[in-house]
Amino acid sequence: MSALEPVIGLEVHAQLATRTKLFCGCETRYGAPPNTQVCPICLGYPGALPVPNEQAIELAVRAGLALGCTIGRASRFDRKSYFYPDLPKGYQISQLDLPINEGGELRVGERVIGLERAHLEEDAAKSQHVGSQTRVDFNRGGVPLLEIVSKPELRSPAEAEAYLRELRLVLMTIGVNDGNLEEGSFRCDANISLRPVGSETFGTRVEIKNVNSFRFVRLALEAEIARQKVVLGSGGTVERETRSWDESSQKTVAMRGKEAAADYRYFPDPDLPAIALTDAQVEAWRDAMPELPAARHRRWLDAGLTDYDAGVLGQHPATAAYFDAVCAASAMSAKKVANFIQSEVLGHIATDGLDATLPVPADALAELLDLLDADTIHGQAAKKVFGLMVEEGLGAKALVQREGLAQETDEGAIEASVRAVLEAHPDQVAQYREGKTKMIGFFVGQVMKASKGKANPKAVKAIAERLLEPN
Ligand SMILES: [Zn+2]
């Protein structure tokens, strides 16, 4: 059998970061007691009339603009009918023929992955199975979602994982989604099939439902590729079905087969008018678009950061903004700022959704880094001062003075210390002059020790080398 290649498409459900639901004024706050954020509209009472949430529409369009979609100037809501206890109306309001965003693309590393669409829909409620009971929490019913459907252009599980990470970062950067996987704000279904390399037709695809971590998406796809290879390799055929990822066995397991494939009887929702958008509105949102992660990454590489640095600092929009603010306020090079933030500061930054708690303000960190950059303090002292700044909330200059951490830069004083060390160690001086020039580290160390770390090590080394030259 010829070699097989995976064909992967992803459907992401991203919760739009609105205060209220898609068609009513109920709040969307996560973790509220069950059934406390509900009303006749989101509980599907007969005769209740939905009213579209303008903020949800704006966020959906902003996502579409960031993803290069064509924005529908007259998109429409449709009813997707099916029965389930978490769907009291008997239908979900979604978009079929006229989605708010069509087409688009997402750059993932060197590849550009095409998008089919990114449409609005409401979330269903949440069922919870407790013993023999099933309980339904309707707080989540009616929460606004953007369903972003990729073309089947991903070719490996690792690429699928990278796509999800990049998509999440883009949506967080524009403030459309809080990226919180644990709370279900960003969920993914994956479609996967195999076909012979070079073939243009698709194999039978399997859908893997609701995988809630990026790592699990990769593992589930890897397991599913292995399973399908075994089926096809033994002359069998892959069934079109829905499977789920079982973490304990590290396998995908069948959920429901083809016989359950539903006809949703989509039709336009008669209670909801078309969403009309003017060019002026769309262009105003486009103009307000912040710098996107890919452009920021390139800008940072041009400023001297490594690909790794840029990846780490760009992981969260708040960290990225913090790094840019420190660079803007400091004379230090971007690369040195990046090094200090990665080694000393990142561990103190706590993020929660789009929010972040920063240990010290950007201008306070810039003040410290400028002292380091001007050789007023050395690296070890800067780390100590940073720790004190975090603990005490005081400024760098005040702490350097209080702790007596400013480096000795007076050449005369340093020279006197070096002379004292050389006089105290005649044997080592003799060894150095006989050619063991590595001894220089010993002399610098002794001077640093005598000065309690305050002497400028570069100046100490230069002066010691001068004084050690044969007379
Ligand atoms: Zn409601």
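Nothing here was measured: the structure is a model prediction, and the numbers come from that model.

(A) Fine view of the overall build of the protein chain. Along the backbone of the protein chain there are 15 helices and 19 strands. Structurally, the protein chain occupies a C-alpha span of about 95 × 55 × 50 Å along its principal axes. By the burial criterion, 46% of the 471 residues in the protein chain qualify as buried. Partitioning the contacts of the protein chain with sequence separation of at least 6, the portion at a separation of at least 24 is 67%. When the accessible surface of the protein chain is summed, it comes to about 23,300 Å², and 51% of that surface belongs to carbon and sulfur atoms.

(B) Molecular detail of the coordination of the zinc ion. At this site the zinc ion is bound by C24 (SG), C26 (SG), C39 (SG) and C42 (SG), with donor distances of 2.2 to 2.4 Å. Bound by four donor atoms, the zinc ion shows angles of 101 to 115° at the metal and therefore tetrahedral coordination geometry. In primary sequence terms, the donor set of the zinc ion follows C-x1-C-x12-C-x2-C. Residue C26 is found in the loop between β1 (4–15) and α1 (54–66), and its partner C42 is found in the loop between β1 and α1; the two are separated by 16 residues along the sequence. Under the relative-accessibility criterion, C26 is labelled buried at 9%.

(C) View of the pattern of salt bridges. This structure, assessed with the given rule, holds 35 salt bridges. We note a salt bridge from R73 to D279, for which the minimum N-O separation is 2.6 Å. Placement of R73 in the loop between β2 (70–71) and β3 (74–75) and of D279 in helix α4 (residues 279–287) is noted, with a sequence separation of 206 residues between them. We note a salt bridge from R76 to D97, for which the minimum N-O separation is 3.3 Å. Here the residue R76 occupies a position in the loop between β3 and β4 (78–81), and D97 occupies one in the loop between β5 (91–94) and β6 (101–102), the gap between them amounting to 21 residues. Overlapping salt bridges, with partners in common, bring together E161, R165, R218 and E222 in one network.

(D) Summary view of the state of the cysteines. Under the criterion given, the structure shown has zero disulfides. In this structure C69 is a free cysteine whose sulfur lies 17 Å from that of C188, the closest cysteine sulfur available. Residue C69 is classed as buried on the basis of its relative accessible area, which comes to 9%.

(E) Structural view of the nonpolar core. Ranked by size, the top nonpolar core spans 62 residues in total, and within it L10, L120, I148, Y163, L164, L167 and L277 carry the most contacts. With residues near it in sequence (within four places) discarded, L167 still touches V12, L67, L106, I148 and F186.

(F) Just the packing of aromatic side chains, in detail. Under the defined criterion, the tally for this structure stands at nine aromatic pairs. Seen in terms of ring centroids, Y82 and Y264 are 5.9 Å apart; in terms of plane orientation they differ by 70°. Their pairing is edge-to-face. With Y82 in the loop between β4 and β5 and Y264 in the loop between β15 (251–256) and β16 (267–268), this pair connects stretches of sequence that are 182 residues apart. Ring centres of F216 and W245 lie 6.5 Å apart, and the angle between their planes is 45°; this geometry places the pair in the tilted category. Of the two residues, F216 is situated in helix α3 (residues 214–233) and W245 in strand β14 (residues 242–246); the sequence distance between them amounts to 29 residues. Since its relative accessible area comes to 13%, F216 is described here as buried. You can call W245 buried: its relative accessible area is 14%.

What counts and what doesn't
Residues numbered from 1 in each chain as written. Predicted model: local features only at pLDDT ≥ 70, side-chain atom pairs only at ≥ 80, totals over all residues. Heavy atoms only, no water. Helix = DSSP H or I, 4+ residues; strand = E, 2+ residues; numbered from the N terminus. Buried < 20%, exposed > 50% of the residue type's maximum accessible area, 1.4 Å probe, protein only. Contact = heavy atoms within 4.5 Å. Areas by Shrake-Rupley, 256 points an atom, 1.4 Å probe, with all protein chains shown as cover. Donors = N, O, S within 2.8 Å, 3.2 Å for Na, K, Ca; no water. Tetrahedral: all angles 85-135°; square planar, octahedral: opposite > 155°, others 65-115°. Salt bridge = Lys/Arg side-chain N within 4 Å of Asp/Glu carboxyl O. Disulfide = S-S within 2.5 Å. Core = buried A, V, L, I, M, F, W, Y, C linked by side-chain atoms within 4.5 Å. Phe/Tyr/Trp six-rings, centres within 6.5 Å; stacked < 30°, edge-to-face > 60°.

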